[in-house]
Amino acid sequence: MLATIATVSAAALAAPVAGLLGYRQLKRAAFAGKLRITAPAGIEESGFVRIGGIDQWVSIRGEDRRNPVVLEILGGPGASNLVFLPRTRAWEKHFTIVRWDMRGAGFTFAAGGPQGQGELTHQQLYRDALEVTEHLRARLGVDRLLLVANSFGTVLGLRLARNHPELYSGYVGTDQNIIDGGRERTAYDALLARLRAAGRKKEKELAAAVAMGADRSKWTTRDVAEYNKLVLTSDPLSYDTMKTVVMRSLWFSPLHTLRGLRSYLKAMEFSERLQLEAAALDERAEGTDFRIPFFVFQGDSDVLTPPAPARRFFDDVTAPVKEFTLIRDASHFASFRHPDRFLDLMLTHVRPAVTAQPAAR
């Protein structure tokens, strides 16, 4: 993912870097004003919390403390969702949103640097997530949180939802990853088809994709970055989303200075190793029985985490309530490209299910 962002950055940000820094500052100031929470029952706080032996950044925002509490699990890996705050501001009217910069991501990485992240493994992130959960339950006075995981964060999100129904009221996956023990190759095969259809213009890219092969267990971190770049830049809708949603959110983030943006990208580079470890995971082997409401809201045109594998996994899931919905005209980053549609799904399907659910036994 880092290589993709770097590629798009060169094209999309050449003009701003050259002459529009003033415009950037005006936009950042406007977004900062939009983000202020003044509701009497609201909450707007952020700062470092000691989690897993290191200081980790936790942001809590919402207009009414009585609303359900959402714990977002970021993607990337290492990609803080704080850059999307202006796009998802409306969510905070209906939910209290917790955005946690886990080790290797965002402000947590910026504060400690590579040497201050401690053990960066899926198991350690899992332990951290449980510790964050307990912190939030105590801080906000709630029994359970609603898990909302996106992209690579769904790997951790599934494990939390499966193992701890006493802590979470429901699971929502978007840009849902299905690793499936290395058996899943839908996205890879579709990439080869797109590159072959492009003919001679994409011969070099096709050769690179064929050379790396579909077996992720044999990939290097460089292969992972190259694969993500090929997938997202070979699809027009995905490439447009990278430019208009991801890069704009990064460039105009009111929370991030230019130095902060460089740190943001370094965090993603540092965290890429997690994708190599994830290649051996198998969601079906870990189980498809969930004792909490289970939702997948997937972009209908997602080429990085295609809807078909997510649907097949969903069909195998048993849960007290479950629903699979496609978000139209959406590739990867579906919830951030169409935050209004995502919020509508959260209000019409998720919130009724999690607020009416009795406590887990």
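Keep in mind that this is a model prediction, so the values were computed, not measured. (Residues numbered from 1 in each chain as written. Predicted model: local features only at pLDDT ≥ 70, side-chain atom pairs only at ≥ 80, totals over all residues. Heavy atoms only, no water.)

Caption draft 1: The overall build of the protein, seen in detail. Per the secondary structure count, the protein includes 16 helices and eight strands. The globule rule puts the C-alpha radius of gyration for 361 residues at 21 Å, and the 20 Å found for the protein is close to it. Each of the three principal axes of the protein carries a C-alpha extent, and together these read 60 × 50 × 40 Å. With 361 residues in all, the protein has 57% of them scored as buried. Carbon and sulfur atoms make up 53% of the accessible area of the protein, which amounts to about 14,900 Å² in all. When the 48 positive and 40 negative side-chain charges of the protein are each reduced to one mean point, those points stand 5 Å apart. (Helix = DSSP H or I, 4+ residues; strand = E, 2+ residues; numbered from the N terminus. Rg over C-alpha atoms; globule rule 2.2 N^0.38 Å. Buried < 20%, exposed > 50% of the residue type's maximum accessible area, 1.4 Å probe, protein only. Areas by Shrake-Rupley, 256 points an atom, 1.4 Å probe, with all protein chains shown as cover. Lys, Arg positive; Asp, Glu negative; His and termini not counted. Charge placed at Lys NZ, Arg CZ, Asp CG, Glu CD.)

Caption draft 2: Up close: the pattern of salt bridges. Applying the stated criterion to the full structure yields 22 salt bridges. The residue Arg139 makes a salt bridge to Glu45 at a minimum N-O spacing of 2.7 Å. One end of the pair, Arg139, is in helix α5 (residues 122-140); the other, Glu45, is in strand β1 (residues 43-51), with 94 residues separating them in the sequence. As a salt-bridge pair, Arg99 and Glu72 come within 2.7 Å of each other at their nearest N and O atoms. Of this pair, Arg99 sits in strand β4 (residues 96-101) while Glu72 sits in strand β3 (residues 69-73), and the two are 27 residues apart along the sequence. Take Arg99 and Glu72: they sit in the same class, and that class is buried. Among the charged side chains, a network of salt bridges with common partners joins Glu44, Arg61, Glu63, Arg89 and Glu92. (Salt bridge = Lys/Arg side-chain N within 4 Å of Asp/Glu carboxyl O.)

Caption draft 3: Expanded view of empty space enclosed by the protein. Throughout the structure, instances matching the rule amount to eight cavities of 30 Å³ or more. The volume enclosed by the largest cavity comes to roughly 460 Å³. Surrounding the largest cavity, 30 residues form its lining, Asn177, Ile179, Arg216, Leu304 and Thr305 being those nearest its centre. When residues of the lining of the largest cavity are traced back to their parent elements, those giving at least two are α7 (186-197), α9 (221-233), α12 (273-278) and α14 (307-316). Grouping the amino acids of the lining of the largest cavity by side-chain chemistry returns 17 nonpolar, ten polar and three charged. (1 Å grid on protein atoms, 1.4 Å probe; cavity = no way out; pocket = protein on both sides within 12 Å on 5 of 7 lines; lining within 4 Å. Points joined across faces, edges and corners; volume = space filled by probe spheres on them. Nonpolar A, V, L, I, M, F, W, Y, C, P; charged D, E, K, R; others polar.)

Caption draft 4: Structural view of the sheet that holds β4. Pairing is mixed across the open sheet formed by eight strands, whose spatial order is β1-β2-β4-β3-β5-β6-β7-β8. Two strands close off the open sheet at either side, each with one partner strand: β1 and β8 (322-327). Neighbour to neighbour, the strand axes of the sheet diverge by 20° on average, direction disregarded. Lying on the sheet, α5 is in contact with β1, β2 (54-62), β3, β4, β5 (145-150) and β6 (168-174); it crosses β1 at an angle near 135°. (Pairing = 2+ DSSP bridges. Axes fitted to C-alpha atoms, helices over the stretch in contact; angles between N-to-C directions. Contact = heavy atoms within 4.5 Å.)

Caption draft 5: How the structure looks around the side chain of Arg89. Topologically, Arg89 is positioned in the loop between β3 and β4. Discounting chain neighbours no more than four positions away, the residues touching Arg89 are Lys34, Leu35, Arg36, Ile37, Arg61 and Glu63.

Caption draft 6: Fine view of α9. Taking 1.5 Å of rise per residue, 13 residues should cover 18 Å, and α9 covers 18 Å from first to last C-alpha, within 8% of that figure. Listed in full, the buried residues belonging to α9 are Val224, Ala225, Tyr227, Asn228, Leu230, Val231 and Leu232. (Expected span 1.5 Å × (residues − 1).)

Caption draft 7: Seen up close, helix α16 (residues 339-355). The largest bend in α16 amounts to roughly 40° and is located at Leu347. Among the residues of α16, those classed as buried are Pro339, Phe342, Leu343, Leu345, Met346, Val350, Ala353 and Val354. Buried residues in α16 make contact with β3, β5, β6, β7 (294-299), β8 and α15 (334-337). (Bend = angle between axes of the 7 residues up to and from the residue.)

Caption draft 8: Looking closely at the environment of Leu255. Along the chain, Leu255 falls in the loop between α10 (236-251) and α11 (258-271). You can call Leu255 partly exposed: its relative accessible area is 37%. Here the alpha-carbon distance between Leu255 and Arg159, two residues 96 residues apart in the chain, equals 30 Å. Leaving out residues up to four positions away in the same chain, Leu255 has contacts with Arg28, Leu82, Leu85 and Phe107.

Caption draft 9: The arrangement of the pairing of β3 in detail. The buried fraction of β3 is high, at five of five residues. Alternating positions in β3 separate into two faces, Val69, Leu71 and Ile73 on one and Val70 and Glu72 on the other, with burial throughout. Of the pairings in the sheet, the one linking β3 to β4 comprises four bridges and is parallel in character. Note that in β4 the partner of Leu71 across the bridge is Val98.

Caption draft 10: Spatial organisation of the pairing of β5. The buried count for β5 comes to six of six residues, which makes it a mostly enclosed element. Looking at chain direction, β3 and β5 are connected through four bridges and run parallel. From the neighbouring strand, Glu72 faces β5, where its bridge partner is Val148. Pairing geometry for β5 and β6, over six bridges, is parallel. Considered in β6, the bridge of Asn150 is made with Thr174.

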